[in-house]
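Analysis of the macromolecular model
In case you want the letters, here they are:
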Amino acid sequence: MEIKIQDIDHIREAAREFVENIGEARVFAFYGKMGAGKTTFVKAICEELGVDDVITSPTFAIINEYTISSWPLAISTKPTANSQQLTANSQKPKAIYHFDFYRIKKLEEVYDMGYEDYFYSGALCFIEWPELIEEILPDDAVRVSIIEQEDGSRVVSY
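Anyway, here's the lowdown on the structure attached to this text. (Residues numbered from 1 in each chain as written. Predicted model: local features only at pLDDT ≥ 70, side-chain atom pairs only at ≥ 80, totals over all residues. Heavy atoms only, no water.)

We now examine the sheet that holds strand β4 (residues 95–100). Within the open sheet, the 7 strands sit side by side as β1-β7-β6-β2-β5-β4-β3. Their pairing is mixed. The sheet is open, and its two edges are formed by β1 (2–5) and β3 (63–67), each paired on a single side. Across this sheet, the average inter-strand angle for adjacent strands is 20°, counted without regard to direction. The sheet contact formed by β1 and strand β7 (residues 154–157) spans 4 bridges and is antiparallel. Residue pairing for β7: I3 is matched across the bridge by V156. Most of the contacts of helix α1 (residues 11–20) go to β1, to which it runs at about 165°, and overall it touches β1, β2 (27–31) and β6 (142–148). (Pairing = 2+ DSSP bridges. Helix = DSSP H or I, 4+ residues; strand = E, 2+ residues; numbered from the N terminus. Axes fitted to C-alpha atoms, helices over the stretch in contact; angles between N-to-C directions. Contact = heavy atoms within 4.5 Å.)

Structural data, given as structure tokens:
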């Protein structure tokens, strides 16, 4: 799937489209160059999911936890290439874990923080700089690429 973000004024529309197509996937790995808009897009996704907390970059904390206050009413019923869609009986996550692994020096740091407790919790996990932990990403992690275009727009593909 591909979503175009024309400019910052349209990021919430793009985030809404992303949320409508989350399906049953829980771990999302966001790839993109520095300044591509990974944190800004994750923030917009969290806002679309009803997060009331202040959403900030977890660059120094490595992980931020947010509570989903209410899922949007409209969840797409069309299948995506990467995941099955939520059904009426699916368990909707109540938490979001937002990771930024930019400052990780060794994979052991991620083992020490107990990454498995987060990745396999059933909560939504949004991971920035997953290149640094590629070998421990779950097999079903959705790889999301954000690429800045020459005109300043962004293309989100997954």
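From this point, the narrative continues.
Among the surface-exposed residues, E108, E109, D112 and E135 lie close enough to one another that they form a single negatively charged patch. Considering the arrangement of structural elements, one finds E108 in helix α3 (residues 107–112). (Patch = residues over 30% accessible without salt bridge, like charges linked within 9 Å, V, L, I, M, F, W, Y side chains within 5 Å. Areas by Shrake-Rupley, 256 points an atom, 1.4 Å probe, with all protein chains shown as cover. Salt bridge = Lys/Arg side-chain N within 4 Å of Asp/Glu carboxyl O. Lys, Arg positive; Asp, Glu negative; His and termini not counted. Charge placed at Lys NZ, Arg CZ, Asp CG, Glu CD.)

For helix α2 (residues 38–48), the set of buried residues is K38, F41, V42, A44, I45, C46 and E48. The positive-phi residue at the C-terminal boundary of α2 is G50, with phi of around 85°. (Buried < 20%, exposed > 50% of the residue type's maximum accessible area, 1.4 Å probe, protein only.)

What follows is about the layout of surface pockets. Considered as a void within the structure, the largest pocket measures approximately 150 Å³ in volume. I5, D7, I8, I11, A36, G37, T40, F41, I146, G152 and R154 together form the lining of the largest pocket. Counted by class, the lining of the largest pocket contains 6 nonpolar, 3 polar and 2 charged residues. (1 Å grid on protein atoms, 1.4 Å probe; cavity = no way out; pocket = protein on both sides within 12 Å on 5 of 7 lines; lining within 4 Å. Points joined across faces, edges and corners; volume = space filled by probe spheres on them. Nonpolar A, V, L, I, M, F, W, Y, C, P; charged D, E, K, R; others polar.)

Our next topic: the packing of α1 against α2. Look at α1 against α2: their axes get within 8 Å of each other, and the N-to-C directions meet at 65°. The orientation of α1 relative to α2 falls into the category roughly perpendicular. You can see that α1 and α2 cross each other, and the crossing is right-handed. Along the contact surface, α1 presents I11, R12, A14, A15, R16, F18 and V19, while α2 presents T40, F41, A44, I45, E47 and E48. Considering only residue class, the contact of α1 with α2 consists of 8 nonpolar, 1 polar and 4 charged. (Parallel < 35°, antiparallel > 145°, perpendicular 65-115°, else oblique. Left-handed = near helix turned anticlockwise from the far one by under 90°.)

These results come straight from atomic positions and should not be treated as a statement about function.
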